[in-house]
Amino acid sequence: MTTIKRRLRRGGTRGVVIGVTVAALAGMTPGAFAARDARPAWRDCAGQGMPAGMRCAAIEVPVDWAKPDGPKVELDLARLPATEPARRIGSVLGVPGGPGADGIEDLKRAAADLTELRRRFDLIAYTPRTAVWRDQVPSSCMRPGTSLFEPQGRKQYEALAAAMTKAFKACQSADKTGLFAHMDSLSVARDMDAVREALGEERLSFMANSYGGVSAAAYARLFPQRIRAMYLDGTINQVAGWPDQTLRSLPVLERVFTRFTTWCADTPACALHGQDAGAVWRKLVRDADRRPIPVTSSKFGKGKLTGWHLRSFGFIGDPGPDDSRWLAFAEAVDKARRGDGSGFADFALGNAQFWAAPGVLAMTCADDRGYSSHAQLQKFRRQAQKISPNFGGASFDALGCTGWPLQVANPSRPLKTRGLPPFLGAGSTWGDYAWTESFTGMIPGSVTVAYDGPGHVMYLLGKKCPIQHATTYLIGLRLPEPGTTCPAE
């Protein structure tokens, strides 16, 4: 029997038909694979930066949950035991985002800020199959199928789809793990339940972040009776569909852009100070759509920046330390309108290639992330442009999944909420609150705490107010009042 083991990383990386229908997956017996007579062999964790007391282990799960006796993939586990074992409630499982992020790295980062929660819970982290894939992805899978662009008509759309289909199929052929076709979040949710069973827990509490919300929703779909509590921090709501989530985020981005233009008007150091910064940006984008700006990147070669590149990859809402990101953005806009797009070249060209790499997209396309047709793309673009005059256009992540050659294993569709406990969410009013609130809004009795400042995933950033609300909820199942807001820290 083949077991796919995780390779040790020596450096960081950037951050479906699965042989069975969705209905068949939903009908599989919970715990059909997990070995009930075996528990993880916990040992002291090796490596640098491990919190004191952290223990490590591993479990094996099927690559294809429809074939439980087939090849296996090994998932690393980590545990920080409760510091007050006599008052221990259970275990909290962290659900990492990315996809491709490592939950063990998340726990190492957050452990010092979760000491109060740890008094009553074992804190559990794991390496999801997407992180195993990330560490073993064939090099050919990281070659982009194209450099992403916004199709201007059906012919260009079909050309993009054909290029991506070719790249996806080549990646699948190069894949020796079998994971390429089995990284949908329903498979990840089954892995999560295998972790639960290996821990010997009847139910788990969860802390899910970012893309981990897709796995959290899949778990709620498959195993609602196994959820004691669910904390969602900056999570995407795949249930509502990716177009819905992007459209929800655009008004927020417009408000943040207004913050930028107001800041620029009040800041002499801003390169666009004394001008209508918003009007300058919109003219630059329109002009680049008509006459793309030639650029050369030392990392990504030559290319041309269209208005779509600028709308998709130009503006960063978080001003950064000492407003450094907004200062750099204003300078890049000022140079670009004079024909020098160097301030945008690396980031725009790099992302246009990164999000066309089949090894990256294989972790998301099976979760229904792509456009299903040119008509759907056109409809979305019209909606986005109406909502957002500064940033409306085709979504780069959905464009990358155009041409996905396999059936979508985890389509966006309604979630049955009967039997689910109330969830707690948290999100930044500058960004991901709209996503998280749309998720918790589906679950009766749930509440989302607003963080009134920039940032993504509050408990990984060490934000005390959201962490305290999460701790109170997870320990005592007590939710804050609706409308609760945490001030920026």
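Just so we're clear, the structure is a prediction, and the values are computed from it rather than from any experiment.

Conventions adopted
- Residues numbered from 1 in each chain as written.
- Predicted model: local features only at pLDDT ≥ 70, side-chain atom pairs only at ≥ 80, totals over all residues.
- Heavy atoms only, no water.
- Helix = DSSP H or I, 4+ residues; strand = E, 2+ residues; numbered from the N terminus.
- Rg over C-alpha atoms; globule rule 2.2 N^0.38 Å.
- Buried < 20%, exposed > 50% of the residue type's maximum accessible area, 1.4 Å probe, protein only.
- Areas by Shrake-Rupley, 256 points an atom, 1.4 Å probe, with all protein chains shown as cover.
- Core = buried A, V, L, I, M, F, W, Y, C linked by side-chain atoms within 4.5 Å.
- Disulfide = S-S within 2.5 Å.
- Phe/Tyr/Trp six-rings, centres within 6.5 Å; stacked < 30°, edge-to-face > 60°.
- Lys NZ or Arg CZ within 6 Å of the ring centre and 35° of its normal.

## Points about the overall build of the protein
Along its length, the protein carries 17 helices and 13 strands. Relative to a compact globule of 489 residues, whose C-alpha radius of gyration would be 23 Å, the protein shows 23 Å and is just as compact. Judged by the C-alpha coordinates and their principal axes, the protein covers about 70 × 50 × 45 Å. Out of the 489 residues in the protein, the part that is buried amounts to 56%. When the accessible area of the protein is evaluated, it comes to approximately 20500 Å², of which 51% is carbon and sulfur surface.

## Some remarks on the nonpolar core
Counting 110 residues, the largest nonpolar core has Trp133, Phe206, Phe260, Trp281 and Phe344 as its most contacted members. The biggest single contributor to this core is helix α6 (residues 185-199), with 8 residues. In this structure, Cys45, Ala111, Ala125 and Leu424 belong to the second largest nonpolar core, which totals 31 residues.

## Some points on the state of the cysteines
When the sulfur atoms of two cysteines share a covalent bond, that bond is a disulfide. Tallying each qualifying case throughout the model produces 5 disulfides. One disulfide in the model links cysteine 141 with cysteine 171; its S-S distance is 2.1 Å. Taking the sign of the torsion about the S-S bond as the criterion, the disulfide between cysteine 141 and cysteine 171, at about 105°, is right-handed. Here cysteine 141 is found in the loop between α4 (129-136) and α5 (154-174), whereas its partner cysteine 171 is found in helix α5, with 30 residues between them in sequence. Overall, cysteine 141 belongs to the buried group, its relative accessible area being 0%. Between cysteine 365 and cysteine 401 runs a disulfide, and the two sulfur atoms are separated by 2.1 Å. Between cysteine 365 and cysteine 401, the S-S torsion sits near -90°, and that sign places the bridge as left-handed. Pair noted here: cysteine 365 is in the loop between α13 (358-361) and α14 (374-387) and cysteine 401 is in the loop between α15 (396-400) and β11 (424-428), with a separation of 36 residues, a long-range link. Here cysteine 365 and cysteine 401 have matching classes, each one buried.

## As for the packing of aromatic side chains
Counted under the stated rule, the structure contains 29 aromatic pairs. An angle of 80° between the planes, with centres 5.7 Å apart, marks the rings of tryptophan 308 and phenylalanine 313 as edge-to-face. Relative accessible area serves as the criterion here: at 1%, tryptophan 308 is assigned to the buried category. What makes phenylalanine 313 buried here is its relative accessible area of 4%. Taken together, the ring pairs connect Phe257, Phe260, Trp263, Trp281, Phe315, Trp326, Phe329, Phe344, Phe391 and Trp430 into an aromatic cluster. One residue, arginine 79, lies across the ring of tryptophan 42, its end atom 4.3 Å from the ring centre. The positively charged end of arginine 369 is found above the aromatic ring belonging to tryptophan 242, 4.5 Å away from the centroid.

Don't take any of this as a statement about function, it's just geometry.
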